[in-house]
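These are the residues of each chain, in order.
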Amino acid sequence: MQQASLADQLGFDSVLLVSLDDHLDPWIVGTSIAASTKNIRLLVAQNTNHVLPTLSVKALNTLNLISGNRADLNVVTGSSRRVLSKHAKAEDHGTRYRRTKEFVEVVRALRHSPTSYHGEFFQISNMKMYPGEDIAGKANLFISGSSDEAIRIAAELGDYYLQYAVDTNTLTRNINTLKRLAAENRREVRCGMLIDVIARETSEEAWETARRIVANAPAVQKRLTRFFQNEADSQVNKANKLLYQYKEQGYVVDRHIWGGFVEISTTSALSIVGSYAEVIAAIQRYKELGIDYFLFSGYANENEIERIGRHILPFVK
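To start, this report covers the structure provided alongside it.

About the cut-offs
- Residues numbered from 1 in each chain as written.
- Predicted model: local features only at pLDDT ≥ 70, side-chain atom pairs only at ≥ 80, totals over all residues.
- Heavy atoms only, no water.
- Axes fitted to C-alpha atoms, helices over the stretch in contact; angles between N-to-C directions.
- Helix = DSSP H or I, 4+ residues; strand = E, 2+ residues; numbered from the N terminus.
- Parallel < 35°, antiparallel > 145°, perpendicular 65-115°, else oblique.
- Contact = heavy atoms within 4.5 Å.
- Nonpolar A, V, L, I, M, F, W, Y, C, P; charged D, E, K, R; others polar.
- Core = buried A, V, L, I, M, F, W, Y, C linked by side-chain atoms within 4.5 Å.
- Buried < 20%, exposed > 50% of the residue type's maximum accessible area, 1.4 Å probe, protein only.
- Phe/Tyr/Trp six-rings, centres within 6.5 Å; stacked < 30°, edge-to-face > 60°.
- Lys NZ or Arg CZ within 6 Å of the ring centre and 35° of its normal.
- Pairing = 2+ DSSP bridges.

What follows is about the packing of helix 1 (residues 2–10) against helix 13 (residues 304–311). It is at 10 Å that the axes of helix 1 and helix 13 come closest, and there the two elements cross at 5°. By the angle between their directions, the pair helix 1 and helix 13 is classed as roughly parallel. For the pair helix 1 and helix 13, contact is made by Q3, L6, A7 and L10 and by I305, E306, G309 and R310, respectively. Of the residues that constitute the contact of helix 1 with helix 13, the class distribution is 4 nonpolar, 2 polar and 2 charged.

Here it is as structure tokens:
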């Protein structure tokens, strides 16, 4: 709550509320944040393998009604069959994305009640959603993922496409594919990216901080990370494992781009590392590639949000 209030004060546009086993329920947390903030939007993640789309839309519209239309939906599919199996039958990658596509189709269909839908995974008959968008307000629909399936779903059905930071060549390919598919569907879809930021007064201080985090991480955390990477079948996980080829060069992937978190993180492995001016320049390069929505994470400590908000955000918004 404190972090969200600080983000609101510092001028961030939105906060991401994740849907993970080791985090609090995003809808309940989002309701509390909405009550204690004035402007910041709430990007609530929903895993399509965990809940029905009808329940997600009801929660989304309810949160929008009580927050003054500040909630958006982030649709995620999941990367590990082992993790997904804790909630329900864990399907293969292709099946999961067929479910996600149907999930999003139902979400969009429920904007126009009453609605019926009969698919492979979801069947609804004459569903009239309450509250509806007519009184709650319209939410933005984010589609997250690094696979070709995720890009196709976003191009056809999403308002935004979100991906974890990857190497420049892969990133450019994904952006170009998204724009081409969106144009074929006569749509415009904005492209976003999640990336970690470690910014300090000097470049030396930033790099020392980054390397210290990995060096001080417990050995068991590194082993569990490798175990997850060896059994997860998502595209971002495959991309993360490629970062180990940069180990001999200190995981420096590009100018001010570092992949060291691959040893301890199962999600976002790439970071922008450098002085405030260097981080701003790196963000500008990503904007030139076609990224126009950034999700910044701060792994180092709880002060990262303040550093980004005070020293980075005013120069990149």
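To continue, consider the nonpolar core. With 87 residues, the main nonpolar core has W258, Y286 and I312 as its most contacted residues. Ignoring anything within four residues of it in the chain, the contact list for Y286 reads L171, M193, I195, I257, I272, I291 and F294. Among the nonpolar cores identified, the runner-up in size contains 7 residues, and L43, L194, Y293 and L295 belong to it.

Let us look at the packing of aromatic side chains. Taken as a whole and assessed by the stated rule, the structure comprises 7 aromatic pairs. Counting every residue linked through ring pairs, the aromatic cluster contains F142, Y160 and Y293. Its end group placed over the ring of Y244, R226 keeps NZ or CZ at 4.1 Å from the ring centre.

Our focus in this paragraph is the pairing of strand 4 (residues 115–118). Of the two faces of strand 4, the one lined by T115 and Y117 is fully buried and the one lined by S116 and H118 carries no buried residue. As paired strands, strand 4 and strand 5 (residues 123–127) are joined by 3 bridges and run antiparallel to one another. Considered in strand 5, the bridge of Y117 is made with I124. In this structure, the hairpin formed by strand 4 and strand 5 is closed by a connection of 4 residues.

The values reported here are purely geometric and, on their own, carry no functional implication.
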